[in-house]
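Now for the letters of each chain:
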Amino acid sequence: MEMINAIGRRKSSVARVYLSEGTGKITINKKDISVYFPSAILQYVVKQPLNLLEVAEKYDIKANLDGGGFTGQSQALRLAIARALVKVNAEDKKALKVQGFLTRDSREVERKKPGQPKARRRFQFSKR
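Predicted model only: the values in this text are computed from it and were never measured.

Conventions and cut-offs
Residues numbered from 1 in each chain as written. Predicted model: local features only at pLDDT ≥ 70, side-chain atom pairs only at ≥ 80, totals over all residues. Heavy atoms only, no water. Buried < 20%, exposed > 50% of the residue type's maximum accessible area, 1.4 Å probe, protein only. Helix = DSSP H or I, 4+ residues; strand = E, 2+ residues; numbered from the N terminus. Pairing = 2+ DSSP bridges. Contact = heavy atoms within 4.5 Å. Phe/Tyr/Trp six-rings, centres within 6.5 Å; stacked < 30°, edge-to-face > 60°. Salt bridge = Lys/Arg side-chain N within 4 Å of Asp/Glu carboxyl O. Axes fitted to C-alpha atoms, helices over the stretch in contact; angles between N-to-C directions. Parallel < 35°, antiparallel > 145°, perpendicular 65-115°, else oblique. Left-handed = near helix turned anticlockwise from the far one by under 90°. Nonpolar A, V, L, I, M, F, W, Y, C, P; charged D, E, K, R; others polar.

Topic: the pairing of strand β1 (residues 4-10)
It is a general feature of regular strands that their side chains alternate between the two faces of the sheet. Every second residue of β1 is oriented toward a common face, the buried set being Ile4, Ala6, Gly8 and Arg10 and the non-buried set Asn5, Ile7 and Arg9. By the bridge criterion, 7 bridges tie β1 to strand β2 (residues 13-21) in an arrangement that is antiparallel. Looking at the pairing, Ala6 lines up with Val17 of β2. If you look at the hairpin formed by β1 and β2, you'll find 2 residues sitting between the two strands, and Lys11 has a positive phi there, around 55°.

Right, dumping it as structure tokens:
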């Protein structure tokens, strides 16, 4: 099997994933997953598609993460891994789609408008 690549996005985070056969090693920006994401919850989020298909020890993953915060990055990485797994085996698409791992979360931060302190918050109104 050759190297398979996929991309995932969430908020302002972009994850580029390179999937190859191996022993289950996940490397993010040349660091191990436990170093890059010290939180067990974020590690769990990243590994969700692999654990669902029970292929966590079958593939090595190299990822380049850019932009955003740690939550957005972990969810972008989850989407990219799910997309790569579908490229490997098309029959897995239904199981991943049911769990929502193939859905791109399109919510972005709303911009601040002029004449307001925040995106939707208005300055206090005074009648007199």
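Still more to cover.
Regarding unusual backbone geometry
Although it is not a glycine, Lys11 sits at a positive phi angle of roughly 55°. You will see that Asn29, though not glycine, has its phi angle at about 50°, which is positive. In this fold, Asn29 is placed in the loop between β3 (26-28) and β4 (31-32).

Describing the pairing of β2
Sheet topology note: the β2/strand β5 (residues 59-66) ladder contains 8 bridges and is antiparallel. Bridged to Val14 within β5 is Asp66.

Looking at the side chain of Arg10
Summarising the element assignment, Arg10 is placed in strand β1. The buried category is assigned to Arg10, whose relative accessible area is 9%. Not counting residues up to four positions away in its chain, the partners in contact with Arg10 are Gly72, Gln75, Ala76, Arg104, Asp105 and Arg107.

Some details on the packing of aromatic side chains
In this description, an aromatic ring pair is defined by two values, namely the gap between the centres and the angle between the planes. Evaluation of the coordinates by the stated rule reveals 1 aromatic pair. Here Tyr36 and Phe37 contribute two aromatic rings whose centre-to-centre distance is 5.1 Å and whose plane-to-plane angle is 85°, an arrangement assigned as edge-to-face.

A closer look at the pattern of salt bridges
Across all of its chains, the model carries 5 salt bridges by this definition. A salt bridge links Asp105 to Arg107, with the shortest nitrogen-to-oxygen separation between them at 2.8 Å. Relative accessible area serves as the criterion here: at 24%, Asp105 is assigned to the partly exposed category. Across the pair Arg120 and Glu110 runs a salt bridge, and its minimum N-O distance is 3.0 Å. Here Arg120 is found in the segment after α4 (93-99), whereas its partner Glu110 is found in the segment after α4, with 10 residues between them in sequence. With relative accessibility at 38%, the residue Glu110 sits in the partly exposed group.

Notes on the packing of helix α2 (residues 40-53) against helix α3 (residues 70-88)
Direction vectors running N to C along α2 and α3 enclose 15°, while the axes themselves pass 8 Å from each other. In terms of their interaxial angle, α2 and α3 are classed as roughly parallel. For the pair α2 and α3, the sense of crossing is right-handed. Contacts from Leu42, Val45, Val46, Gln48, Pro49, Leu50 and Leu53 in α2 reach Phe70, Thr71, Ser74, Gln75, Leu77, Arg78, Ile81, Ala82 and Leu85 in α3. When grouped by side-chain class, the residues that make up the contact of α2 with α3 number 11 nonpolar, 4 polar and 1 charged.

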